[in-house]
Amino acid sequence: MLSGTQDYQQMQTMMSSMIDAVLICDIQGRIIMANKAAENLFLVREGGLVGKRLNELGYESEIANMVGEVLERGNEVFIETIVNPSPQVYRVHVSAIKNEFNIIDGAIAVFHDVTDARNFAQMRSEFVGNVSHELRTPLTSIKGFVETLLDGAMENSTICRRFLSIIDSETDRLSRLIEDLLTLSAIESKERIVRPQPVCLVRSIRGVMNILGPQISEKSLHVEYVYPDELSLILADEDLLGQVLINLLDNAIKYTPPGGNIMVRSRKKDSRVITTITDTGVGIPPESLPRVFERFYRVDKARSRNQGGTGLGLSIVKHIVESHGGEVFVESEVGQGSTFGVSFLAV
Ligand SMILES: Nc1ncnc2c1ncn2[C@@H]1O[C@H](COP(=O)(O)OP(=O)(O)O)[C@@H](O)[C@H]1O
Ligand SMILES: [Mg+2]
């Protein structure tokens, strides 16, 4: 196999330009050729693989067995495996190399990195699972109340009214959930094109405070907005910015007990304008802080549900802000309150 020097050199050049790791073994299972990608994968220096057997590499007995089988039977084998010490998942393909008399001469193993595809598939199936669960919960409750009403509860007008109003708020929650899912998917799929333009942040924040005015006064919250006189305009897509501010302020209102304070601050820092929303609410435990921007993550599921939350608000905030080249952050202490912050580019 590969007797001529010229063949060998051509083969090496070809292999070195490949992204996939490639190993070629002789009939004894000894490596006779390996490309750069393979050396990186097995963490050996240049030329460090040639002359070795796969099982001498210490940790690849599964692949060594595959090569052994192929050398014996001349077949082709595929497996998907994690090649230690890297955490990557590889699809490994081993096939026999035969000479002109159709006699097995060696084997070739190709390692193709499929980590991204696997992670993506897993994320997608988790997401579908979460969405189904979130949709099922209000539906189950609606179904339950409708059945109870049909079973006779509707004869009592007080009970009937109470159940119908629960059904009403559960359907509202279903619509909000679908609305949030559509927003998220539109931003993620880039179907909603982000068009940043100079925007007056102060005006946007005042607008959102007006929209949420009824909830603020219902809970007797004290809301204040502090900003410097000469605050720069920011570069943002105005509708999306509004969505960010609504989601953050809505949380501050929902998770702060009546009579509490909400302080909104904007200031310029280098080329950015940072806005923080600080409340005197229930706070978030330290172990939950890194997760609050994940889809469907809630610290207290029951509390979020009672408040009509979908668990998607903060993931939408993060997506929108990052699609503008900005950042999100959070600090909190249980029982003291929380501060959520977002940054946008100043004009
Ligand atoms: N200001 C806040 N104070 C306390 N907890 C908060 C605050 N904002 C968000 N959280 C926590 O983060 C979770 C996720 O927020 P979000 O994505 O807006 O979902 P939702 O409000 O629909 O539950 C909330 O369920 C809540 O546990
Ligand atoms: Mg929310």
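So, here's what we can say about the structure. Here the structure is a predicted model, which means the values were calculated and not measured.

### As for the sheet that holds strand β11 (residues 328-333)
Link 1 in the chain: Judged by pairing direction, the sheet is mixed, and its five strands sit side by side in the order β7-β9-β10-β12-β11 without closing on themselves. Edge strands, defined here as strands with exactly one partner in the open sheet, are β7 (222-226) and β11. The sheet shows a mean angle of 15° between the axes of neighbouring strands, taken without regard to direction.

### Here we look at the pairing of strand β3 (residues 76-82)
Link 1 in the chain: Side chains Val77, Ile79 and Thr81 of β3 all project onto a buried face; the interleaved residues Glu76, Phe78, Glu80 and Ile82 project onto a face where none is buried.
Link 2 in the chain: The sheet contact formed by β3 and strand β4 (residues 89-98) spans seven bridges and is antiparallel. If you follow phenylalanine 78 over to β4, its bridge partner there is histidine 93.

### Some words on the sheet that holds β3
Link 1 in the chain: One open sheet holds the five strands; their spatial order is β2-β1-β5-β4-β3, and the pairing between them is antiparallel. Every other strand in the sheet has two partners, leaving β2 (31-34) and β3 as the edge strands with one partner each. Direction aside, the axes of adjacent strands within the sheet are offset by 20° on average.
Link 2 in the chain: As judged from the three bridges shared by strand β1 (residues 21-26) and β2, these two strands associate in the antiparallel manner. Considered in β2, the bridge of isoleucine 24 is made with methionine 33.
Link 3 in the chain: Helix α3 (residues 61-73) rests against β1, β3, β4 and β5 (104-113) of the sheet, and its axis sits at about 145° to β5.

### Quick look at the environment of glutamine 307
Link 1 in the chain: Here glutamine 307 is to be found in the loop between α9 (301-306) and α10 (313-323).
Link 2 in the chain: Separated by 199 residues in the primary sequence, glutamine 307 and isoleucine 108 place their C-alpha atoms 60 Å from one another.
Link 3 in the chain: Only 3.3 Å separates the side chain of glutamine 307 from the backbone oxygen of lysine 254, close enough to count as a polar contact.

### Remarks on the pattern of salt bridges
Link 1 in the chain: Going through the model one piece at a time under the given rule, you end up with twelve salt bridges.
Link 2 in the chain: When the shortest N-O distance is used, the salt bridge between arginine 203 and glutamate 238 registers 3.1 Å. Here glutamate 238 lies in helix α8 (residues 238-254) and arginine 203 lies in helix α6 (residues 201-211), a separation of 35 residues in the sequence.
Link 3 in the chain: Residue arginine 203 is classed as exposed on the basis of its relative accessible area of 56%.

### A word on the packing of aromatic side chains
Link 1 in the chain: Summed over the entire model, instances satisfying the criterion amount to five aromatic pairs.
Link 2 in the chain: Taking the centre distance of 4.8 Å and the plane angle of 65° together, the rings of phenylalanine 145 and phenylalanine 163 count as edge-to-face. With phenylalanine 145 in helix α4 (residues 115-150) and phenylalanine 163 in helix α5 (residues 157-188), this residue pair connects regions lying 18 residues apart in the sequence.
Link 3 in the chain: Residue phenylalanine 145 is classed as partly exposed on the basis of its relative accessible area of 22%.
Link 4 in the chain: Given the relative accessible area of 11%, phenylalanine 163 is considered buried.
Link 5 in the chain: On the numbers, 4.8 Å between centres and 40° between planes, the contact of tyrosine 225 with tyrosine 227 is tilted.
Link 6 in the chain: Note that arginine 295 overlies the ring of phenylalanine 127, its terminal NZ or CZ placed 4.4 Å from the centroid.

### Some thoughts on the side chain of serine 232
Link 1 in the chain: Summarising the element assignment, serine 232 is placed in the loop between β7 and β8 (234-236).
Link 2 in the chain: On the basis of relative accessible area, serine 232 is assigned to the buried category, the value being 18%.

### Quick word on the site of ligand 1
Link 1 in the chain: Neighbouring ligand 1 are 21 residues; Asp279, Ser304, Thr310, Gly311 and Leu314 lie closest to it.
Link 2 in the chain: In the model, an oxygen atom of ligand 1 is placed 3.1 Å from a nitrogen or oxygen of the lysine 254 side chain.
Link 3 in the chain: A distance of 2.8 Å separates a nitrogen atom of ligand 1 from a polar atom in the side chain of aspartate 279.
Link 4 in the chain: When the free accessible area of ligand 1 is taken as 530 Å², the share hidden by the protein chains comes to 97%.

### Here's the deal with the packing of α4 against α5
Link 1 in the chain: Look at α4 against α5: their axes get within 9 Å of each other, and the N-to-C directions meet at 160°. As the angle between them shows, α4 and α5 are arranged roughly antiparallel. Classified by chirality, the crossing of α5 by α4 is left-handed.
Link 2 in the chain: Taken together, the residues of the contact of α4 with α5 break down into 18 nonpolar, four polar and three charged.

### What to know about the pairing of β11
Link 1 in the chain: As paired elements, β11 and strand β12 (residues 337-345) share six bridges and run antiparallel to each other. Looking at the pairing, glutamate 331 lines up with threonine 339 of β12.
Link 2 in the chain: Two successive antiparallel strands, β11 and β12, enclose a turn made up of three residues, where glycine 335 displays a positive phi of approximately 85°.

### Side note on the packing of α8 against α10
Link 1 in the chain: The N-to-C vectors of α8 and α10 enclose an angle of 145°; their axes lie 9 Å apart at closest approach. Along this stretch, α8 crosses α10, giving a crossing that reads as left-handed. Touching Leu240, Gln243, Val244, Asn247, Leu248 and Asn251 of α8 are Gly313, Leu314, Ile316, Val317, Ile320 and Val321, all from α10.
Link 2 in the chain: Class assignment for the residues of the contact of α8 with α10 results in eight nonpolar, four polar and no charged.

The rules we used
- Residues numbered from 1 in each chain as written.
- Chains lettered and ligands numbered in written order.
- Predicted model: local features only at pLDDT ≥ 70, side-chain atom pairs only at ≥ 80, totals over all residues.
- Heavy atoms only, no water.
- Pairing = 2+ DSSP bridges.
- Helix = DSSP H or I, 4+ residues; strand = E, 2+ residues; numbered from the N terminus.
- Axes fitted to C-alpha atoms, helices over the stretch in contact; angles between N-to-C directions.
- Buried < 20%, exposed > 50% of the residue type's maximum accessible area, 1.4 Å probe, protein only.
- Contact = heavy atoms within 4.5 Å.
- Polar contact = N/O pair within 3.5 Å; in protein donor to acceptor, adjacent residues only side chain to side chain.
- Salt bridge = Lys/Arg side-chain N within 4 Å of Asp/Glu carboxyl O.
- Phe/Tyr/Trp six-rings, centres within 6.5 Å; stacked < 30°, edge-to-face > 60°.
- Lys NZ or Arg CZ within 6 Å of the ring centre and 35° of its normal.
- Near = heavy atom within 4 Å.
- Areas by Shrake-Rupley, 256 points an atom, 1.4 Å probe, with all protein chains shown as cover.
- Parallel < 35°, antiparallel > 145°, perpendicular 65-115°, else oblique.
- Left-handed = near helix turned anticlockwise from the far one by under 90°.
- Nonpolar A, V, L, I, M, F, W, Y, C, P; charged D, E, K, R; others polar.

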